[in-house]
Amino acid sequence: MNKREFLKSAALLASASALPSSIWKLADRAKLRTAHIGVGGMGMEDLKAIASHPNVEVVALCDVDATNLATAHGMHANAKTYKDYRKMLNEMSSEIDAVIVSTPDHTHAPASMMAMEMDKPVYCQKPLTHHVTEARAMNKLAADKGLVTQMGIQVHSFYDYVLGTALIQSGIIGKVKRVRAWSPKNWGYDGPIPEGSDPVPNTLDWNLWLGTSANRPYKEAVYHPGNWRKLVDYGCGTLGDMGVHIFDTPYNALALDVPKKIKNECREPNGFGFPEHNIVTYQFPGTKYTTKKFKWVWYDGVGAPEDHKDLELPNGDKLPDQGAMFIGTKGKLLLPHFMQLPRHIVKGEYQELELEKFKHLGEPVRDYEKEGKKHYHQFVDACMGKAETSAPFSYASRLTETILLGVIAGRFPNKTLHWDSENARFKEGEANKFLDAEYREF
């Protein structure tokens, strides 16, 4: 089935379903039985954090890489193991309460949609999806079914970011005129497209790794493990990796919707890898926390950000390696990434934060392990009727759409694209083909 048929059938199934009984039944369970799709790299971190909740029982593990799967199984010997998530979900549907999706980006939506069709709450890694149409479809399906969902953007629940949101919304720097955000990471690839093929390792199911993406020969160290983020068929570049984290607090604090205009200053597209350097400018509709003409600029790649007076710090201090600067009508607020308190700048001088006003948020936390688990445990507690998630798909889909519009703009360097959110279309017709892609049968 192609992508449009897949998403259409999922939407029809959702609209025809009553609120699933699993939502209220989970509240009576002593244990939340979880299934994990993808257990290598970040998937292993997700597994550890979810399993650290005292009310979680890991019942199923899935990975296309047998080495990853064996490591995870060594930690959860009673869990059943699979290399195909479709088989796992079909065979174990009645034994699974919630699903955690930690695959490369191109498999986020196919795996999550299948789980949600079965009325399973889903925790999905960021960015939520690989394409804009998928983000909207996942949001609709989750809403229609009333499912608990959470995007894996752990810093969303960190003290420093919650404080940053509270400070901005308190009006500490007035209305925000601009945000400049940056990461010097390079999840791009400006080199040649690799030629030929290499033998597929015995431990890897290459067909299942490709999943719904187009078929292509395996090349060692090009796709798996790790480098897929650089490549347009599987990842979303630096913007889709670090951008989601660093955009999150400004996006949330300023109550932004999706942008109206997007421009990416980068090299010409090569059809294979993302540009190694991007400067993406977004223009958003104003909110009560911003001026009418609000602009957002993102920089990535080695050496980012470019010098700008907005980014000057008192005493000749250097910017943190990654972060965001809010420029307001009354001053500036620097939000480093991560585990550092925001810094308030007025008239070129640092100002002390009056943390007493925000003691309802708790005390600053410098325990990364504790902070890192918070977001995951929130999802578990929400599944069991004891909490609400702070990054459900209703929020995550809009943030992801914003990120993906900047990624698409990289296909049209230095050209301003105009986004019609209501109709989910670009004014520039040639850009619309990148909102979607066909699903391969595999």
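The coordinates are above.
What this report covers is the structure whose coordinates are included nearby. (Residues numbered from 1 in each chain as written. Predicted model: local features only at pLDDT ≥ 70, side-chain atom pairs only at ≥ 80, totals over all residues. Heavy atoms only, no water.)

## Details of the packing of helix 3 (residues 42-51) against helix 4 (residues 66-75)
Now for step 1: Helix 4 packs onto helix 3 with a crossing angle of 15° between their chain directions and a minimal axis gap of 11 Å. As the angle between them shows, helix 3 and helix 4 are arranged roughly parallel. Judged by the sense of rotation from one axis to the other, the crossing of helix 3 with helix 4 is right-handed. Facing helix 3, whose interface residues are Met44, Leu47 and Lys48, helix 4 presents Thr71, Ala72 and Met75.
Now for step 2: Here the contact of helix 3 with helix 4 is composed, by residue class, of four nonpolar, one polar and one charged. (Axes fitted to C-alpha atoms, helices over the stretch in contact; angles between N-to-C directions. Helix = DSSP H or I, 4+ residues; strand = E, 2+ residues; numbered from the N terminus. Parallel < 35°, antiparallel > 145°, perpendicular 65-115°, else oblique. Left-handed = near helix turned anticlockwise from the far one by under 90°. Contact = heavy atoms within 4.5 Å. Nonpolar A, V, L, I, M, F, W, Y, C, P; charged D, E, K, R; others polar.)

## Topic: the side chain of Asp300
Now for step 1: Among the structural elements, Asp300 can be located in strand 10 (residues 290-300).
Now for step 2: No salt bridge is formed by the buried Asp300. Its closest oppositely charged neighbour is Arg267, at 10 Å.
Now for step 3: Within the structure, the side chain of Asp300 is placed 3.0 Å from the side chain of Asn278, a separation counted as a polar contact.
Now for step 4: A distance of 2.9 Å separates polar atoms of two side chains, one belonging to Asp300 and the other to Trp298.
Now for step 5: Setting aside residues up to four positions removed in sequence, Asp300 forms contacts with Ser183, Lys185, Thr238, Leu239, Glu276, His277 and Asn278. (Buried < 20%, exposed > 50% of the residue type's maximum accessible area, 1.4 Å probe, protein only. Lys, Arg positive; Asp, Glu negative; His and termini not counted. Salt bridge = Lys/Arg side-chain N within 4 Å of Asp/Glu carboxyl O. Polar contact = N/O pair within 3.5 Å; in protein donor to acceptor, adjacent residues only side chain to side chain.)

## Brief notes about the packing of aromatic side chains
Now for step 1: Counted by the stated rule, this structure contains 22 aromatic pairs.
Now for step 2: Centre to centre, the rings of Tyr123 and Tyr376 are 5.0 Å apart; their planes meet at 20°, and the pair counts as stacked. Taken as a pair, Tyr123 in strand 5 (residues 122-125) and Tyr376 in helix 11 (residues 368-383) lie far apart in primary sequence, 253 residues in all. Considered together, Tyr123 and Tyr376 belong to a single accessibility category, that of buried residues.
Now for step 3: The interplanar angle of 10° and the centroid separation of 5.2 Å between the aromatic rings of Trp206 and Trp209 together place this pair among those described as stacked. (Phe/Tyr/Trp six-rings, centres within 6.5 Å; stacked < 30°, edge-to-face > 60°.)

## Considerations on the packing of helix 5 (residues 85-92) against helix 6 (residues 108-117)
Now for step 1: Relative to each other, helix 5 and helix 6 sit at 10°, their axes nearing to 10 Å. With respect to each other, helix 5 and helix 6 are oriented roughly parallel. Facing Tyr85, Arg86, Leu89 and Asn90 of helix 5, the residues of helix 6 in contact are Pro110, Ala111, Met114 and Ala115.
Now for step 2: Considered class by class, the residues forming the contact of helix 5 with helix 6 number six nonpolar, one polar and one charged.

## Details of helix 10 (residues 237-253)
Structural remark: α-helix, 3.6 residues per turn; residues separated by three or four positions point the same way.
Now for step 1: Over its 17 residues, helix 10 extends 24 Å from the first C-alpha to the last, a length consistent with the 24 Å expected when each residue adds 1.5 Å.
Now for step 2: Along its length, helix 10 shows its largest kink, about 55°, at Gly243.
Now for step 3: Counting buried positions along helix 10 yields 16 of 17 residues, so the element is predominantly enclosed. (Expected span 1.5 Å × (residues − 1). Bend = angle between axes of the 7 residues up to and from the residue.)

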